[in-house]
Amino acid sequence: MSLPPWKRSPAREPAARKLTPESIAWAKARARKAGRRYPNLIDNMAAAQRQAEREAEGRPPGSLAD
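1. Focus: the packing of helix 1 (residues 21-33) against helix 2 (residues 41-56)
Working step 1: In the contact formed by helix 1 and helix 2, the axes pass within 9 Å of each other and the chain directions differ by 135°. In terms of their interaxial angle, helix 1 and helix 2 are classed as oblique. Relative to helix 2, helix 1 is oriented so that their crossing is right-handed. Listed contacts from helix 2 to Ser23, Trp26, Ala27, Arg30 and Ala31 of helix 1 are Ile42, Asp43, Asn44, Ala46, Ala47, Arg50 and Gln51.
Working step 2: Residue classes in the contact of helix 1 with helix 2 are distributed as six nonpolar, three polar and three charged.

2. Focus on the pattern of salt bridges
Working step 1: Under the defined criterion, the tally for this structure stands at two salt bridges.
Working step 2: Ionic pairing is found between Asp43 and Arg30, a salt bridge with its closest N-O pair at 2.7 Å. Of this pair, Asp43 sits in helix 2 while Arg30 is found in helix 1, placing the two residues 13 residues apart along the sequence.
Working step 3: Where Asp43 meets Arg36, a salt bridge forms, and the shortest distance between an N and an O atom there is 2.6 Å.
Working step 4: Taking the relative accessible area as the measure of exposure, Arg36 reaches 30% and is therefore partly exposed.
Working step 5: Among the ionic contacts, a cluster of salt bridges with common partners joins Arg30, Arg36 and Asp43.

Reading the values: rules and limits
Residues numbered from 1 in each chain as written. Predicted model: local features only at pLDDT ≥ 70, side-chain atom pairs only at ≥ 80, totals over all residues. Heavy atoms only, no water. Axes fitted to C-alpha atoms, helices over the stretch in contact; angles between N-to-C directions. Helix = DSSP H or I, 4+ residues; strand = E, 2+ residues; numbered from the N terminus. Parallel < 35°, antiparallel > 145°, perpendicular 65-115°, else oblique. Left-handed = near helix turned anticlockwise from the far one by under 90°. Contact = heavy atoms within 4.5 Å. Nonpolar A, V, L, I, M, F, W, Y, C, P; charged D, E, K, R; others polar. Salt bridge = Lys/Arg side-chain N within 4 Å of Asp/Glu carboxyl O. Buried < 20%, exposed > 50% of the residue type's maximum accessible area, 1.4 Å probe, protein only.

Given below as structure tokens:
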């Protein structure tokens, strides 16, 4: 079983991904849907993963809509 994100060593992680404004809005919406006022680490990680998948598909950075 892997360690939770807050216990992992930063050296193990790949380079940090700068979230686009669309990804930030998506993370905030995810947090609001879950009843939180602000996105937490897990929301931000999900947004970064979603952004990476969209970029790998060859979509332009601003087209994060499903």
